Amino acid sequence: MSKNFLSHIKASFGDGNYAGDEYGGAAGHDGRGLPTGSPSNFMFATGIECSYPTIDHGRTRRDQLAESYHYERYKEDLGLVRELGLKVLRYNLPYYKIHKGPGRYDWEFADLAMAEIQRLGLTPILDLMHFGVPDWVGNFQNPELPVHFAEYCGAVARRYPWVRFYTPVNEIYVTARASAKDGIWNEQLKDDRAFITAMKHITAASIMGNQQIAKYRPDCVIVQSESAEYIHEMRAVQSPEIRLTNKLRFLSLDLLYAHTIDAEVLLYCLDNGLTREELQWFMAGEPPGYQIMGNDYYGRNERIIKPDGNWCSAEDVLGWYTMTRQYYERYRKPVFHTETNTFNAKEAECWLWKQWVNVTRIRQDGVPVVGFTWYSLLDQLDWDVSLAERRLAVNPCGLYDLDRKIRSVGESYKMMIREFGQITMVPHGELFEISPRPAALKVDI
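Predicted model only: the values in this text are computed from it and were never measured.

Asker: Sorry, what's going on with the overall build of the protein here?
Answerer: If you tally the helices and strands in the protein, you get 16 helices and 17 strands. Within the protein, buried positions represent 52% of all 445 residues. Taking as baseline every contact in the protein between residues at least 6 positions apart, the subset at least 24 positions apart corresponds to 74%.

Asker: I would appreciate a short explanation of unusual backbone geometry in the present structure.
Answerer: For residues other than glycine, phi is negative in most cases, and the peptide bonds are mostly trans. In this chain, Tyr375 is followed by Ser376 through a cis amide linkage whose omega measures 20°. Non-glycine residue Phe131 carries a positive phi angle of around 75°. Inspection of the secondary structure puts Phe131 in the loop between strand S7 (123-127) and helix H7 (145-159). Take Phe131: its relative accessible area is 3%, and that puts it in the buried class. Of note in the backbone geometry, Asn186 takes a positive phi value of approximately 50° without being a glycine. With respect to the element layout, Asn186 can be found in the loop between helix H8 (172-180) and helix H9 (192-216).

Asker: Explanation requested: the sheet that holds strand S9 (residues 221-227) in the structure shown.
Answerer: Paired through their backbone hydrogen bonds, the strands of a sheet run either parallel or antiparallel. The sheet built from eight strands closes into a barrel, its strands ordered S1-S4-S7-S8-S9-S11-S14-S15 with parallel pairing. Here the average twist between neighbouring strands, direction ignored, is 25°. Sheet topology places S9 next to strand S11 (residues 290-296); seven bridges connect them, and they run parallel. Residue Ser225 lies in a different strand from S11, and its bridge partner there is Gly294. Across the face of the sheet, helix H14 (residues 319-331) comes into contact with S9, S11, strand S14 (335-339) and strand S15 (369-375) while running at roughly 150° to S11.

Rules of the game
Residues numbered from 1 in each chain as written. Predicted model: local features only at pLDDT ≥ 70, side-chain atom pairs only at ≥ 80, totals over all residues. Heavy atoms only, no water. Helix = DSSP H or I, 4+ residues; strand = E, 2+ residues; numbered from the N terminus. Buried < 20%, exposed > 50% of the residue type's maximum accessible area, 1.4 Å probe, protein only. Contact = heavy atoms within 4.5 Å. Pairing = 2+ DSSP bridges. Axes fitted to C-alpha atoms, helices over the stretch in contact; angles between N-to-C directions.

Geometry only, nothing functional implied.
So this is what it looks like as structure tokens:
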């Protein structure tokens with residue numbers, strides 16, 4: 001009987017001189033970024049909650065950076081990001097405070113915060129509009145919004161040329177819906193035409209802002225954070241209203257990425273103020289730079305409507321995996337899990353790991369997920385009522401509480417980063433890296 005193959009290998013190479021003897025088998029499966037030794041470019045991140053819509057018909061500004069005392073404690077907060085072992089931070093420069101009028105800016109706080117981010121070696125994903133606009137702009141019904149916002153985006157990119165990652169407008173769909181369809185924020189309208197007006201103005205602002213960023217940073221990476229939502233209607237015959245609502249969740253990204261719009265949605269848009277000329281403008285092509293599709297998912301994003309019309313949470317019926325798969329197959333963009341949390345502090349650790357299982361599973365199925373975010377760094381305020389009332393009730397969903405004490409989910413996130421911080425952004429993507437040419441090997445003849 002012939003010798004086994006290991007005997008032949010040992011006879012040829014000797015003990016310890018081949019990968020199988022040193023690592024066991026073929027090796028290279030542990031995610032370290034072999035063979036170049038360049039691991040850990042997957043983007044684990046957090047964000048600092050920064051929403052600033054107006055309520056009470058413009059009389060009250062909700063600024064979560066102020067309400068969490070971030071303006072006073074920004075150095076401490078940014079230090080906590082480093083303490084977690086993170087390299088990436090979703091960070092907002094408050095548009096309503098900085099842009100004082102056409103061509104006029106107040107950079108005082110922005111300069112301080114950005115200098116500290118740079119000093120700490122963090123990579124910011126700059127969020128330039130988060131649910132609100134400056135008082136002088138008014139609200140999302142203003143057709144001049146895209147022009148003013150584009151000017152602001154260009155000014156930011158020019159002032160901080162070292163920044164490459166941006167989210168021009170956070171959650172376009174949620175912004176338009178809450179402001180003009182649900183009547184919660186800003187213009188506080190409940191009207192289909194107002195909703196489509198807000199949608200086209202906000203999406204145009206994102207596109208034009210992206211164009212201005214690319215003028216100063218042609219290699220910009222745009223991480224478009226958008227809410228992944230679905231309503232499960234428990235009726236034998238689905239209502240036209242819910243069917244349309246489930247289709248409208250794609251509208252912002254359809255306009256942003258110049259994707260063909262569903263016929264029913266298109267008719268709704270045309271009936272409510274979108275003109276053929278405007279449609280042609282949106283369908284001309286997607287914005288410049290590298291586009292990443294961010295999907296935000298909370299258990300409360302999925303809802304069940306019962307036959308009697310009452311609602312309940314449908315947490316994890318579809319889940320992030322299935323919903324993101326729907327978005328990915330529609331747009332074919334690299335994916336970032338850009339937001340998640342739960343308001344139940346006792347369940348937060350389990351929710352964190354469930355979301356990460358969703359990410360690892362969908363990556364195994366070939367969907368290129370490049371980042372993951374627990375949102376946010378600190379506990380939030382009044383998000384249980386969508387900021388509609390200024391109660392200052394704490395939602396314990398942060399990695400740290402508002403006293404800057406780490407929560408159990410923060411410790412668990414540290415554990416996750418230590419364990420998985422070695423993985424690459426795209427499995428085996430390291431093969432595309434350009435390495436220095438190795439020195440010539442000396443060969444004995």
